[in-house]
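Read off the chains here:
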Amino acid sequence: MKFDDVLETIGPFGKYQKIRCFLLCLFSSVSAWHALNMVFIGAQPEFHCDNQNMNISSSKISNISDAGLLELLVPDDSCQQYDEKDVIIFYDNSTGVHRLLSSNMSTTDCIRGFWYSKEKYSSTIVSQFDLVCERKFWKSTSKTVFFFGRLCGAVLFGQLSDRFGRRPMFFVGAAILLVAGSVAAAAQNIYMFLPMYFLQGLAHTGIFLVAFTLSTELVGPEYRLFVGFMIQMFYSVGYMTLSGMAYLLRDWRYLELAITLPVVLFASYWWFLPESVRWLLSQNRNEDAQKYLQKAAATNGTDLPPSIMESLQDGKTVQKNRTYHFLDLVRTWAMAKLTLNICFNWLVNALVYYGLSLNTENLAGDPYLNFCIAGAVEIPAYILCIIFLNKVGRKRPLVISMCVGGIACILSGTIPINGNSDIKTLTIVLAMVGKFFITASYAIVYLVASEVFPTVVRNIGMGVASMSARIGGILVPTMLDLKSIWTPLPLVIFGSLSITAGILALLLPETTDKPLPQLLEDVPNKSKKL
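Residues numbered from 1 in each chain as written. Predicted model: local features only at pLDDT ≥ 70, side-chain atom pairs only at ≥ 80, totals over all residues. Heavy atoms only, no water.

Turning our eyes to something else, we now look at the overall build of the protein. When helices and strands are counted, the protein shows 22 helices and 4 strands. Partitioning the intrachain contacts of the protein with sequence separation of at least 6 by distance along the chain shows that 83% fall at a separation of at least 24. Accessible surface, the protein as shown: approximately 23,200 Å² in total, 61% of it carbon and sulfur. (Helix = DSSP H or I, 4+ residues; strand = E, 2+ residues; numbered from the N terminus. Contact = heavy atoms within 4.5 Å. Areas by Shrake-Rupley, 256 points an atom, 1.4 Å probe, with all protein chains shown as cover.)

Turning our attention to the confidence of the model for the protein. Summary statistics for the protein give a mean pLDDT of 81 and a share of 85% for residues scoring 70 or more. Mean pLDDT across the elements of the protein ranges from a minimum in helix 6 (residues 97-101), with 49, to a maximum in helix 12 (residues 252-260), with 94. Scored below 50 in pLDDT, residues 316-320 shows 12 contacts in the model against residues more than four places distant or in partner chains. Note on residues 360-364: pLDDT under 50 across the span, and 9 contacts to partners over four residues away in sequence or across chains. (pLDDT = per-residue confidence, 0-100.)

It is worth spelling out helix 19 (residues 395-414) at this point. Helix length check: helix 19 (20 residues) gives 29 Å between terminal C-alpha atoms against 28 Å at 1.5 Å per residue, within 8%. Residues of helix 19 that are buried include every one of Pro397, Leu398, Val399, Ser401, Met402, Cys403, Gly405, Gly406, Ala408, Cys409, Ser412 and Gly413, and no others. (Expected span 1.5 Å × (residues − 1). Buried < 20%, exposed > 50% of the residue type's maximum accessible area, 1.4 Å probe, protein only.)

Another point: a nonpolar patch on the surface. Nonpolar side chains collect at one region of the surface, where Tyr247, Leu248, Leu249, Tyr254, Leu257 and Leu261 lie side by side and expose about 610 Å² of accessible area between them. Per-element tally for the nonpolar patch: the top contributor is helix 11 (residues 221-249), with 3 residues. Its location among the elements puts leucine 257 in helix 12. (Patch = residues over 30% accessible without salt bridge, like charges linked within 9 Å, V, L, I, M, F, W, Y side chains within 5 Å. Salt bridge = Lys/Arg side-chain N within 4 Å of Asp/Glu carboxyl O.)

Moving on: the packing of helix 19 against helix 22 (residues 489-504). It is the contact of helix 19 with helix 22, at a shortest axis distance of 7 Å, that shows an interaxial angle of 160°. In this view, helix 19 runs roughly antiparallel relative to helix 22, as classed from their interaxial angle. Of the two elements, helix 19 crosses helix 22, and the hand of that crossing is left-handed. Residue-level contacts link Val399, Met402, Cys403, Gly405, Gly406, Ile407, Cys409, Ile410, Ser412, Gly413 and Thr414 of helix 19 to Leu491, Val492, Gly495, Ser496, Ser498, Ile499, Ala501 and Gly502 of helix 22. When its residues are assigned to classes, the contact of helix 19 with helix 22 shows 10 nonpolar, 9 polar and no charged. (Axes fitted to C-alpha atoms, helices over the stretch in contact; angles between N-to-C directions. Parallel < 35°, antiparallel > 145°, perpendicular 65-115°, else oblique. Left-handed = near helix turned anticlockwise from the far one by under 90°. Nonpolar A, V, L, I, M, F, W, Y, C, P; charged D, E, K, R; others polar.)

Right under this line is the structure:
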């Protein structure tokens, strides 16, 4: 008997599963806060050389207003200022500001540091640590460090949770996230901030993967789609609520604490969060598995016949003392083709998703509202997926989403604007269409990955696939820089890769209403081992 048959007996999505899945969905919102916080804590406010405390008391410019002094002192380059002695001399010997500005005065670096506008942000790491001008590379470095942390978290947590279980790794990750976020909020310089930001990326990605895998393993085949997309929708809710938190707090330290301290609440999950029964069975821990199944049956108001556990124990189990590793993902041709296809699709989805987010022109309005709208756009895509995926399957919508999104990207980049505002609006709409479809495909490929990998290597597979997505995210800035060669080139590359990945997705198995594979042998393989 398959484990999915057991779930049908005790209830595939009863009260027991609903409560646990809701608890895991709550973490998804917190995960979004940490995944996207750099938009606000790393924002660059308007800045220029600080002209405070300039010694002008004995000169003719002593009565000039602050705005006038700024015009005198600061050129178009915000990283430079006119030499103060030249400013005083030229102004004293001239008839006004216009003649002064046309004079050939020398410029210097900002000798008094920088002034930052607080109109939109009270404080960010950019203004706190002066990450501008010759130090601006630290801002992009922090993003790279964060994505590298996400990459390491995907691989590390995938391996460890398949070896030690989903439940313990959830709490290990929560502890790391709490400590790293709290220390980062108190960082006194960028050198103290970066290691903690790396750990934040590592922890939140690892926990999210564990939560996603655990939730899909809790429910029957007909509910895996709904649960998977509910987690994604809660992620979008976190996306939107982050903008509200950032708007109210404005200071990056307070925002960092606001998204980190709620992690303490997840300590209460110790009494509610179960271990994956599928994982317990794969490790021959049948008594522990039976305890969880009996509790689930009691909560759902059903019974667990002893004969069911006996039939499970008589079925296939993991070889005793067998430890699974990354190499098991490519041990057979079938597993190798499956793993490479999933990883390529994840990489492309992340690349196109984040690429479109950074390459599309900003919506009218303030950054907080724009960010909230960007998160809201994702929810309709998820709702449509919930409605249709169980009816038409996973593979066909994945292929269509990738291909249509790719075509929209290419058209958005290549349609000539020629100053026509209507055409410009059309290109923005096409880019948003591309984002809509790539959001759908990203969620679908998440679900497909959780269903095609066997239980014994599922979290390892999810971790490696997520690592591929993190690599895609790291590549985004480089791809966007290609516009210096040809302006539409980034969007053309995004679109072409999306279409390619969509075509390759035709080779993936359909998983709708199919039992999850338990062992490597459950993946059809017509070839010998590699």
